[in-house]
Amino acid sequence: MKRRLNIGIALLHRPKLLVLDEPTVGVDPQSRNAILSGVEDLSTQGMAVLYTTHYMEEAERLCDRVGIIDAGEIKAEGTRRELVALLGERDRVALTATGPLPAAAAAIADLEAVDDATSRDEGIELIVSGASRHLPEILEQARVAGISVTGVEVVEPDLEAVFLKLTGKALRD
C-alpha cells in the first residue's frame, strides 16, 4: 500500500513525466498487478513514464523503448524488436506432429527462413527468422512432406535473453 500511496502522491500535480524506480519490489501479486495496470493506464493517457526495473517481463509489458544498463553503462537501447534484432536472435518453433518426421524436417530446413530443423520423438523443432511471418509456408511444407501437425508453439526471444547476452550476467535483484 505504501508503494501505491507513493505513486498517488507523485501524481497529485499531474506531471508530464513520472519517474518510477522499481515500484513493484517487495509487493504482493495483487498490488503488483494494480501498479502495472495503473502505469499502463497513465501511458495511454499521454503521460511519459520513466520506469526502472530488474524484472524484464515488466519492461516487456510496459515499455515502448527499453535501455539496458549494466554497471552504469548503457549497453543497448531501443524497442523490444530492435533489441532482439540487434542480437540476431531467432524464434524457436515446436511442431507437434506425426508421420515421416525426419524427411519432413529435411524438407522444412530447405525453406529460406528456417535456420535449423530437427526431428524429435513427437514432432519437429525449428529455429526460424521471423516465425510469425513464415508459419504458413512452414505448415504448407509440412503438409506436402506428409506429416500431420497437431500443435504449434512459437517462442520469441525475450528481453531477459537480450540482457543476459549483452551483460553476460544473470539478472540481479
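Described below are features of the structure shown in this document.

Conventions adopted
- Residues numbered from 1 in each chain as written.
- Predicted model: local features only at pLDDT ≥ 70, side-chain atom pairs only at ≥ 80, totals over all residues.
- Heavy atoms only, no water.
- Helix = DSSP H or I, 4+ residues; strand = E, 2+ residues; numbered from the N terminus.
- Rg over C-alpha atoms; globule rule 2.2 N^0.38 Å.
- Buried < 20%, exposed > 50% of the residue type's maximum accessible area, 1.4 Å probe, protein only.
- Contact = heavy atoms within 4.5 Å.
- Areas by Shrake-Rupley, 256 points an atom, 1.4 Å probe, with all protein chains shown as cover.
- Polar contact = N/O pair within 3.5 Å; in protein donor to acceptor, adjacent residues only side chain to side chain.
- Pairing = 2+ DSSP bridges.
- 1 Å grid on protein atoms, 1.4 Å probe; cavity = no way out; pocket = protein on both sides within 12 Å on 5 of 7 lines; lining within 4 Å.
- Points joined across faces, edges and corners; volume = space filled by probe spheres on them.
- Nonpolar A, V, L, I, M, F, W, Y, C, P; charged D, E, K, R; others polar.
- Axes fitted to C-alpha atoms, helices over the stretch in contact; angles between N-to-C directions.

### Overview of the overall build of the protein
Within the protein, the regular secondary structure consists of 7 helices and 8 strands. Taken over C-alpha atoms, the radius of gyration comes to 21 Å for the protein, far larger than the 16 Å a tight globule of 173 residues would show. Taken over the C-alpha atoms alone, the protein extends approximately 65 × 30 × 30 Å along its principal axes. Residues classed as buried in the protein amount to 33% of the 173 residues present. Sequence separation of 24 or more characterises 61% of the internal contacts of the protein that already satisfy a separation of 6 or more. Carbon and sulfur atoms form 51% of the exposed surface of the protein, whose accessible area is close to 10,600 Å².

### Overview of the environment of D116
The topology assignment puts D116 in strand β6 (residues 114-120). Spatially, the C-alpha atom of D116 lies 8.7 Å from that of A105, the residues being 11 residues apart in sequence. Look past the residues within four positions of D116 in its chain and what remains in contact with it is E125, L126 and I127. At a separation of 3.2 Å, a polar atom in the side chain of D116 contacts the side chain of T118.

### Quick notes on the pairing of strand β5 (residues 91-98)
Side-chain alternation along β5 places D91, V93, L95 and A97 on a buried face and R92, A94, T96 and T98 on a face that remains uncovered. Pairing geometry for β5 and strand β8 (residues 148-155), over 7 bridges, is antiparallel. What sits directly across from T96, in β8, is G151.

### With respect to the layout of surface pockets
Leftover empty space is mapped by rolling, across the atoms, a probe with the size of a water molecule. If you add up the space inside the largest pocket, you get close to 740 Å³. Lining the largest pocket are 26 residues, and of these Y51, T52, T53, V66 and G67 sit closest to its centre. Those elements that provide at least two residues to the lining of the largest pocket are α2 (29-44), β2 (48-52), α3 (56-62), β3 (66-70) and β4 (73-78). Class assignment of the residues belonging to the lining of the largest pocket gives a composition of 16 nonpolar, 5 polar and 5 charged. When its volume is computed, the second largest pocket comes out at roughly 250 Å³. In terms of lining, the second largest pocket is formed by 15 residues, of which the most central are R81, V84, E89, D91 and G130. Those elements giving two or more residues to the lining of the second largest pocket turn out to be α4 (80-86) and α6 (131-144). Top contributing element to the lining of the second largest pocket by residue count: α4, with 4 residues. Broken down by class, the residue content of the lining of the second largest pocket amounts to 4 nonpolar, 4 polar and 7 charged.

### Here's the deal with the sheet that holds strand β7 (residues 123-128)
Strand-to-strand pairing in sheets goes through backbone hydrogen bonds, with the strands running parallel or antiparallel. Pairing within the open sheet is antiparallel, and its 4 strands lie in the order β6-β7-β5-β8. Two strands lie at the open edges of the sheet, namely β6 and β8, each paired on one side alone. The mean inter-strand angle of the sheet, taken between neighbouring strand axes irrespective of direction, is 20°. Sheet analysis places β6 next to β7, joined by 6 bridges and oriented antiparallel. Bridge assignment links D116 to a residue of β7, and that residue is I127. Together, β5, β6 and β7 form the strand contacts of helix α5 (residues 101-109), whose direction differs from that of β6 by roughly 175°.

Interpretation in functional terms is not warranted from these geometric data alone.
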